[in-house]
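Take a look at the letters that make up each chain.
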There are 4 protein chains.
Amino acid sequence: MAGNSIGQLFKVSTFGESHGIALGGVVDGCPPGLEICEADLQIDLDRRKPGQSRYTTQRREEDAVKILSGIFEGRTTGTSIGLLIENGDQRSKDYSKIADVYRPGHGDYTYWHKYGIRDYRGGGRSSARETAIRVAAGAIAKKYLKQFHGVEINACLSQLGPIKAEQFDWSEVEENPFFFPDSTKLDALDEYMRALKKEGDSIGAKVTVVAKNVPVGLGEPVFDRLDAEIAHSLMSINAVKGVEIGDGFEVIEQKGSEHRDTITPEGFTSNHAGGVLAGISTGQDIVASIALKPTSSITVPGKSINTQNEAVEMITKGRHDPCVGIRAIPIAEAMLAITLMDHLLRHQGQNKHVNVQPGPIPGQAE
Amino acid sequence: MAGNSIGQLFKVSTFGESHGIALGGVVDGCPPGLEICEADLQIDLDRRKPGQSRYTTQRREEDAVKILSGIFEGRTTGTSIGLLIENGDQRSKDYSKIADVYRPGHGDYTYWHKYGIRDYRGGGRSSARETAIRVAAGAIAKKYLKQFHGVEINACLSQLGPIKAEQFDWSEVEENPFFFPDSTKLDALDEYMRALKKEGDSIGAKVTVVAKNVPVGLGEPVFDRLDAEIAHSLMSINAVKGVEIGDGFEVIEQKGSEHRDTITPEGFTSNHAGGVLAGISTGQDIVASIALKPTSSITVPGKSINTQNEAVEMITKGRHDPCVGIRAIPIAEAMLAITLMDHLLRHQGQNKHVNVQPGPIPGQAE
Amino acid sequence: MAGNSIGQLFKVSTFGESHGIALGGVVDGCPPGLEICEADLQIDLDRRKPGQSRYTTQRREEDAVKILSGIFEGRTTGTSIGLLIENGDQRSKDYSKIADVYRPGHGDYTYWHKYGIRDYRGGGRSSARETAIRVAAGAIAKKYLKQFHGVEINACLSQLGPIKAEQFDWSEVEENPFFFPDSTKLDALDEYMRALKKEGDSIGAKVTVVAKNVPVGLGEPVFDRLDAEIAHSLMSINAVKGVEIGDGFEVIEQKGSEHRDTITPEGFTSNHAGGVLAGISTGQDIVASIALKPTSSITVPGKSINTQNEAVEMITKGRHDPCVGIRAIPIAEAMLAITLMDHLLRHQGQNKHVNVQPGPIPGQAE
Amino acid sequence: MAGNSIGQLFKVSTFGESHGIALGGVVDGCPPGLEICEADLQIDLDRRKPGQSRYTTQRREEDAVKILSGIFEGRTTGTSIGLLIENGDQRSKDYSKIADVYRPGHGDYTYWHKYGIRDYRGGGRSSARETAIRVAAGAIAKKYLKQFHGVEINACLSQLGPIKAEQFDWSEVEENPFFFPDSTKLDALDEYMRALKKEGDSIGAKVTVVAKNVPVGLGEPVFDRLDAEIAHSLMSINAVKGVEIGDGFEVIEQKGSEHRDTITPEGFTSNHAGGVLAGISTGQDIVASIALKPTSSITVPGKSINTQNEAVEMITKGRHDPCVGIRAIPIAEAMLAITLMDHLLRHQGQNKHVNVQPGPIPGQAE
């Protein structure tokens, strides 16, 4: 299928360029009867919105989402939901300077070679601006999962450059502009970001996303394993270069006796697996982490070429995030929600009559 | 779609359990005119085959693949290719002991809760045995990519437990039973594996897979980015818990000025991106790494429960690999090949008439 | 996949209810470089627009389409195209009377039982109003097919109730409000429709759609045959109850010696097959016909029940087409265009390097 | 997706050529717990088998199907089911005569132009022989639908050339070699077929397929309507040139007051719609008819060309059915079953929690 859709039974299709008229999309397959309104979607859009703090870009994006269909008297009807976010901030900035230059680390070079034409204004379709619609669509999935299955999905910034979270206190995450779970590191983060801004440089980050109360049984063998589709979903976020489930790359140095999670009549006693065994959810927390590269839009000069294959020097001016990981928090939550939602519908489609009794009590051991 | 298929234009669908009658599959969408025969597929199957060295399981699997359709007078016809591998080694071993026990770290628990029924013999569908068909299908993709586009795909074991490859000499990889690119570490590996065997334990591993001469332009915005689909593809391999593209998790501590790859009239001067920018191939080497967990089939006793929710102690006897990463080499190559092949066809479907001129010379800077 | 999308490489996803805020959709996979603007789409939307003649509903729909993305400097960029048609005519009519009644012949009963909730205003998602977006999307496909491959797609009304076209003069079709190819029948049609209006009844129709200059080779064995996907595409239009390719149901009484189309060095001498052999286009005209049922929105009283399972009598008031076949002309063209476009991209994806020489001259024998 | 698969949640992928080693396929997404064995599949394969009567080809095909996976202790496990039918009758007949000739009315011409290579032996992939696997896969769907939902699917030959069934007595269908529901026409059929054989010609046919006890609510708006997907499914059968739902092409001359089915508190009083309203099943019988063209494999000489574009005269010798409609009975049932099965799973995936109360009693009025 063409690339701007994700999901099978719960499917999200999107459109929109950074400096076009609007972003939008179609959310297809949402079950009927879910109470939802624009304000429900706006909460996450506002968490993603730039200009929220001095650590993110000061570009003003209104990001006011409109629901155009699929809702009747406040509830979903089971038909496709149209979403629209008008681009308020389409200022007629002069982009002609970068029109025939490939900014290093961006999609300019690849889009040009793929298509032979390129909307160079602000990155066009390759801009992270498209993730606004993902967040809106994900908010629908999150609300459904919460209301009908008690699933809760939360992400946080677990590392920014050299600064790692050493304590995980989820109640801290929404209390600071970094979405950081370790309040003892907030001063260090503040200091680090100030220095970075002075340099005109950017930094990578790690985001961890967790889903609680996921039903056991989600995921399909063998190619559509839940972890494989989560990897797809999270890696599709701009700037992501790595995805881990559970212990991730730490398993390389683990022994089998250490890694395998013991099952007791009271449930699992550990969660090295990250909530997925053989591609199917165990009922424990789904835990995934992603690595986000430092944005290439920096004021440190860089070398590149233009479409005539001539060497040029580049400085990216404008309003950019020094760490795109911060704003990726609601995006990671949205993508995990979309994938879980799709698998939930697929699972109950095939296995509606399955009724396993008796069984252990899944759940994260604390 | 149901979970046993991968790909859109080049699509692989598989079936088969560890101890069933046969494994098989359908490879759909292979372009016509490719010279291919069973021996071409057998090469990679033999590289994956157990019992190849004392470091892998001694279970004998013949893994002789038959091509049942789609080939005429030695060449593909464009129609679907049927593949079959009969399970020669279906010994009537007594599996009744594990019939109602969930082996920790395996799919027993999740399959049971998903389906309410489970082929417990050797893991059934969740056994890594199914990857034999992936390897056969991947060999078709590899041959096509090589012959029509000069693409070469190779994987190696880049780390086993604490032992990392520090030199990457690809010519070494096929010369040792570990597929290890650093011959100075072979003694250490040998020693480590002997000790492990004595303990009855297993160990994790890292596998790195590289595709050379990939055309620029493969990958679709925004959800079907090439890296997202590679992540999907590689994470769908049994035991994989993490996927990286290019610098992967190292980007967390990189600055933008350091990460972005400079483009010169002669090509890129580095490849931190791993050959993908904004989800589209740059023409540089595609570089991906995966983390494989230690197998849970070990003789170290473990705790678990049975389907009646009673505590039990488990020892997995039988012939098992102490490091599944070793045999994953051809599987990783196969999955990368399948994904690249699919994207190649999708790209030329949409962009057949694109002809970008002039342009820089893509390629990996050495 | 969820049901509001069609196509694989050229994919159209839509949303919108009859009396909602707007209709819209995403057209994904259009090749880059096609010159297109809103006016190109508006031509077909205006042909579909109600209130065009006294034979169609007088409801005023502006149907002004906006292109929200995917176009840069007048040309497609290869990224997804967002489409929007605002519902201008959302008058606050009182629909409460039909809120809990199932109008016979409509989707009221089935939507209610499927979803347990229903946007009853004007039929909601099941209204033919959604076809406006199909027409807009189809116009993009039509323009591409015409410009890059010379394909021309035209439909006409070949029968209305008992009145059949006996002459096929395509130049007449756009000259009369019935899109009828036989000008000798125009008076009869006019008379028939007047009488029907007086009765308050409606009538069925047959629409024939033809694509000229279709490349040979489109269509995939065995399930995605071109004719199978055309049947899908055309049967998905509201009110369609039958689809024929070529001679269609006449083949039942044909003999093999009569049906098979002779091939000569100059081309085919007949086209009973309708341009498709074994599911693949022959290069001859693709000819398809559809049967459209009479609309159930009539003023003749009918019997039905309400959601409390009580008997009720229904009269559908309001502005309705006595023959929905008339306005189906551009819809049939659009759906055929979408399907051909998708298959063109799929074909050239898999078979880019195929170059058959020498060969006969395909084409419709006159 | 590539063309050799059908369905989303219940997906069938097939391979195999007329004169290849074997036919086979993968049935993915069958719910777990269904009791099924090879004998269940063989029943329908035997109904399709040639050589059953003097009215069908005398070619002997064993068509013994093997189930290779997905079943454990007699029940489906929810994993993919591998099917295999070895081609017993691969006699080394000399096909070189037709190797470079395009038989009129066959896929020779189109396959050659699509792929540039062609397995000419017996039609290769375009032979109706591939439908054997559809029948096997359909038998699984039929058994599931019957057992878990009481759905019964039956087809019959409703017309052969000029001879129409005027009485529909389903109990007659399996009692005569024509699968004809009107026993008063059996002599006429016998006489007609004898004359046809003497001429060396073939004849078209109409097949009607009916599903009883279909749950209300199957089908997705707007492109994946149940009738649209049934049209796809049935039109994908070899030789089919037309598909009707309910009254089909008769609706052209029907008035709205006549066509719409009245709903009463006791159910529908007629079924002009054929069990589908607005693309969703009503709970009434699903009724579909197809037109099958006369086979082009006849001994009446025909004109054609070869791959060098030279005129040739053709006579198709060998064992061929004079009316392919007869053997299409189980194929039509299989395809309808596959489509209903897929939609059942999709419906309960999205709408698991829907519980509409109270409601009318759907069902076919007699």
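This is a predicted model, so every value here is computed, not measured. (Residues numbered from 1 in each chain as written. Chains lettered and ligands numbered in written order. Predicted model: local features only at pLDDT ≥ 70, side-chain atom pairs only at ≥ 80, totals over all residues.)

## As for the environment of G267 of chain D
Residues and elements named next belong to chain D.
Here's step 1: Here G267 is to be found in strand β13 (residues 267–268).
Here's step 2: Taking the number of C-beta atoms within 10 Å as the measure of exposure, G267 has 18 and is therefore partly exposed.
Here's step 3: C-alpha separation for the pair G267 and G283, spaced 16 residues apart in sequence, amounts to 9.6 Å. (Helix = DSSP H or I, 4+ residues; strand = E, 2+ residues; numbered from the N terminus. Buried ≥ 20, exposed ≤ 12 C-beta atoms within 10 Å, placed from the backbone.)

## A word on the UniProt feature "binding site: NADP(+)" (unreviewed entry) in chain A
Residues and elements named next belong to chain A.
Here's step 1: Under the UniProt annotation, "binding site: NADP(+)" (unreviewed entry) lies at R48 and R54.
Here's step 2: Within the fold, R48 resides in helix α1 (residues 38–48).
Here's step 3: For R48, the residues in contact, after removing those within four places along its chain, are A132, V135, R327, P330 and I331. (UniProt positions renumbered as here; feature names shortened; annotations may be inferred. Contact = placed C-beta atoms within 7 Å.)

## Observations regarding the UniProt feature "binding site: FMN" (unreviewed entry) in chain A
Here's step 1: Within this numbering scheme, the UniProt entry marks R125, S126, S127, N238, A239, A278, K293, P294, T295, S296, S297 and R319 of chain A as carrying the feature "binding site: FMN" (unreviewed entry).
Here's step 2: Along the chain, R125 of chain A turns up in the loop between α2 (108–115) and α3 (131–149).
Here's step 3: Dropping the residues within four chain positions of it, R125 of chain A is found in contact with E17, D119 and E130 of chain A, P221 and V222 of chain B together with T79 of chain C.

## With respect to the relation of the copies chain D and chain C
Here's step 1: In screw terms, the move from chain D to chain C is a rotation of 180° and a rise of 0.0 Å along the axis, fitting with an RMSD of 0.0 Å. Read as a symmetry element, the transformation amounts to a two-fold axis. Within chain D, H232 of chain D has its C-alpha nearest the rotation axis, a separation of 2.3 Å.
Here's step 2: In this assembly the copies share their binding face: 100% of the residues contributing to the interface of chain D also contribute to that of chain C. (Least-squares fit on C-alpha atoms with pLDDT ≥ 70 in both.)

## Considering the packing of helix α3 (residues 131–149) of chain C against helix α9 (residues 329–350) of chain C
All names here are of chain C.
Here's step 1: Interhelical geometry of α3 versus α9 gives an angle of 55° and a closest axis separation of 7 Å. When the interaxial angle is binned, α3 and α9 end up oblique. Seen along the crossing, α3 lies across α9 with a hand that is left-handed. Taking contact as the criterion, the partners of T131, R134, V135, A137, G138, A139, A141, K142, Y144 and L145 in α3 are, on α9, P330, I331, E333, A334, M335, A337, I338, L340 and M341.
Here's step 2: Here the residues of the contact of α3 with α9 sort into 14 nonpolar, two polar and three charged. (Axes fitted to C-alpha atoms, helices over the stretch in contact; angles between N-to-C directions. Parallel < 35°, antiparallel > 145°, perpendicular 65-115°, else oblique. Left-handed = near helix turned anticlockwise from the far one by under 90°. Nonpolar A, V, L, I, M, F, W, Y, C, P; charged D, E, K, R; others polar.)

## Some words on the sheet that holds strand β10 (residues 205–212) of chain C
Here's step 1: Pairing in this open sheet of 10 strands is antiparallel, and the strands run β9(C)-β8(C)-β10(C)-β16(C)-β11(C)-β11(D)-β16(D)-β10(D)-β8(D)-β9(D) from one edge to the other. Unpaired on one side and paired on the other, β9 (163–164) of chain C together with β9 (163–164) of chain D mark the two borders of the sheet.
Here's step 2: Of the strands in this sheet, β11 (240–245) and β16 (286–292) of chain C together with β11 (240–245) of chain D are in contact with helix α6 (residues 226–235) of chain C, which crosses β11 of chain C at around 155°.
Here's step 3: With respect to the sheet, helix α6 (residues 226–235) of chain D is in contact with β11 of chain C together with β11 and β16 (286–292) of chain D, its orientation differing from that of β11 of chain D by roughly 155°. (Pairing = 2+ DSSP bridges.)

## Focus on the interface of chain D and chain C
By a widespread convention, an interface's size corresponds to the accessible area lost as its parts come together.
Here's step 1: Counting residues at the interface gives 98 residues for chain D and 98 residues for chain C.
Here's step 2: Examining the composition of the side of chain D that touches chain C, we find that seven residues originate from one element, helix α2 (residues 108–115) of chain D, more than from any other.
Here's step 3: In terms of residue class, the side of chain D that touches chain C is built from 39 nonpolar, 39 polar and 20 charged.
Here's step 4: Direction of pairing for β11 of chain C relative to β11 of chain D: antiparallel, over a ladder of three bridges. When the bridges of β11 of chain D are listed, G242 of chain C appears paired with E244 of chain D.

## Digging into the sheet that holds strand β1 (residues 5–6) of chain B
Residues and elements named next belong to chain B.
Here's step 1: With antiparallel pairing, five strands are arranged side by side in an open sheet as β1-β2-β3-β7-β4. In this open sheet, the two strands that pair with only one neighbour each are β1 and β4 (65–67).
Here's step 2: Helix α3 (residues 131–149) rests against β2 (11–15), β3 (22–28), β4 and β7 (81–86) of the sheet, and its axis sits at about 30° to β3.

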